[in-house]
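If you want the building blocks of each chain, they are given just below.
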Amino acid sequence: MRHMKKLLGLTAVMLLAACTDNGIFDPRVDAAGTYQLTVYGGKSIPAHYVIQPGTPGYEQSLPNGGTLDVTAGDLVLNSNGTFTETNDLVLTPPSGPPSNRTFLRNGTWTLFGETLTLDSGSGVNAIRDDGTITVDANGRSTVNYLEDDGSGTGTFLSFEYKRF
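Just so we're clear, the structure is a prediction, and the values are computed from it rather than from any experiment.

## Things to note about the overall build of the chain
Scanning the chain from terminus to terminus reveals one helix and 10 strands. When the helices and strands of the chain are listed from N to C terminus, the series reads α-β-β-β-β-β-β-β-β-β-β. By the burial criterion, 30% of the 164 residues in the chain qualify as buried. Sequence-distant contacts in the chain: of pairs separated by 6 or more residues, those separated by 24 or more amount to 40%. Summed over its atoms, the accessible surface of the chain is roughly 10,500 Å², and 57% of this surface lies on carbon and sulfur atoms.

## What to know about the side chain of S141
Its location among the elements puts S141 in strand β9 (residues 141-148). Residue S141 is classed as buried on the basis of its relative accessible area of 2%. Apart from residues no more than four positions distant in its own chain, S141 is found in contact with Y35, I133, T134, V135, Y161, K162 and R163.

## Focus on the layout of surface pockets
If you roll a probe as big as a water molecule over the atoms, it shows you where there is empty space left. Volume-wise, the largest pocket comes out at about 1,100 Å³. Residue lining of the largest pocket: 29 residues in total, with Y40, P56, G57, Y58 and D149 positioned closest to the centre. Looking at the lining of the largest pocket, the elements with two or more residues in it are β3 (47-51), β5 (82-92), β6 (99-112), β9 and β10 (156-162). Here the residues of the lining of the largest pocket are counted per class, giving 14 nonpolar, eight polar and seven charged.

## Thoughts on the side chain of E160
Mapped onto the elements of the fold, E160 is located in strand β10. No salt bridge is formed by the buried E160. Its closest oppositely charged neighbour is K162, at 4.4 Å. Not counting chain neighbours up to four residues away, the residues in contact with E160 comprise Q36, L37, T38, V39, T142, V143 and N144.

## Observations concerning the nonpolar core
Membership of the largest hydrophobic core comes to 24 residues, with the highest contact counts inside it found for L77 and V143. Listing elements by their share of this core, those giving two or more residues are β1 (33-40), β3, β4 (66-77), β5, β6, β7 (115-119), β9 and β10. Among the elements that line this core, the one with the most residues is β4, at four residues. If near-sequence neighbours (up to four positions away) are discounted, L77 is found in contact with A31, A32, G33, Y35, T82, F83, W109, L118, I133 and V143.

## Notes on unusual backbone geometry
For the bond from I45 to P46, the omega torsion is 0°, close enough to zero to count as cis. For P46, the position within the fold is in the loop between β2 (43-44) and β3.

## Here's the deal with the pairing of β3
Where burial is concerned, the two faces of β3 differ: the one with A47, Y49 and I51 is buried and the one with H48 and V50 is not. One ladder, built from five bridges, connects β3 with β4; its direction is antiparallel. In the strand pairing of β4, V50 is matched with T67.

## A closer look at the pairing of β4
As defined by bridge partners, β1 adjoins β4 across four bridges and the pair is classed as antiparallel. Bridging across to β4, G33 finds its partner in L77. When β4 meets β5, the two strands line up antiparallel, connected through 10 bridges. Residue G73 lies in a different strand from β5, and its bridge partner there is N87. Where β4 hands over to β5, the hairpin turn is made up of four residues, of which G81 adopts a positive phi near 90°.

Conventions and cut-offs
- Residues numbered from 1 in each chain as written.
- Predicted model: local features only at pLDDT ≥ 70, side-chain atom pairs only at ≥ 80, totals over all residues.
- Heavy atoms only, no water.
- Helix = DSSP H or I, 4+ residues; strand = E, 2+ residues; numbered from the N terminus.
- Buried < 20%, exposed > 50% of the residue type's maximum accessible area, 1.4 Å probe, protein only.
- Contact = heavy atoms within 4.5 Å.
- Areas by Shrake-Rupley, 256 points an atom, 1.4 Å probe, with all protein chains shown as cover.
- 1 Å grid on protein atoms, 1.4 Å probe; cavity = no way out; pocket = protein on both sides within 12 Å on 5 of 7 lines; lining within 4 Å.
- Points joined across faces, edges and corners; volume = space filled by probe spheres on them.
- Nonpolar A, V, L, I, M, F, W, Y, C, P; charged D, E, K, R; others polar.
- Lys, Arg positive; Asp, Glu negative; His and termini not counted.
- Salt bridge = Lys/Arg side-chain N within 4 Å of Asp/Glu carboxyl O.
- Core = buried A, V, L, I, M, F, W, Y, C linked by side-chain atoms within 4.5 Å.
- Pairing = 2+ DSSP bridges.

Structure (structure tokens):
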């Protein structure tokens, strides 16, 4: 009987600790880290896009059209609530050599449950993305978010980063 009471007491303590500890089941516990780009604008990496002449946002870099290839990228979520997103791009005009470029943005991130917000400032160039961080059965985290494509049509593009 005495052993049963000790066992029940120990079980109660463990259950109480499990109820108050976020543990491995709460993605906020270890959301900070480096994630690798796996989907850019709805396409798997490497992602290839044909840019038409006069496409908004490409007037300077590809005024006569060309191609955009997204070859890699990282999203670093720092434990202090800041983030850095880096994407490696290759722009190729219809005639001429390709040029390597890097898209870089910094900002802050917040997490409520699985809901993630990436906020990179204010003003005309500000970008705010809402998405999720989920954890698969193997304990690997995935960031997914949608971003307005800037066309004014209400079209959103999907992005995914995975921590391996």
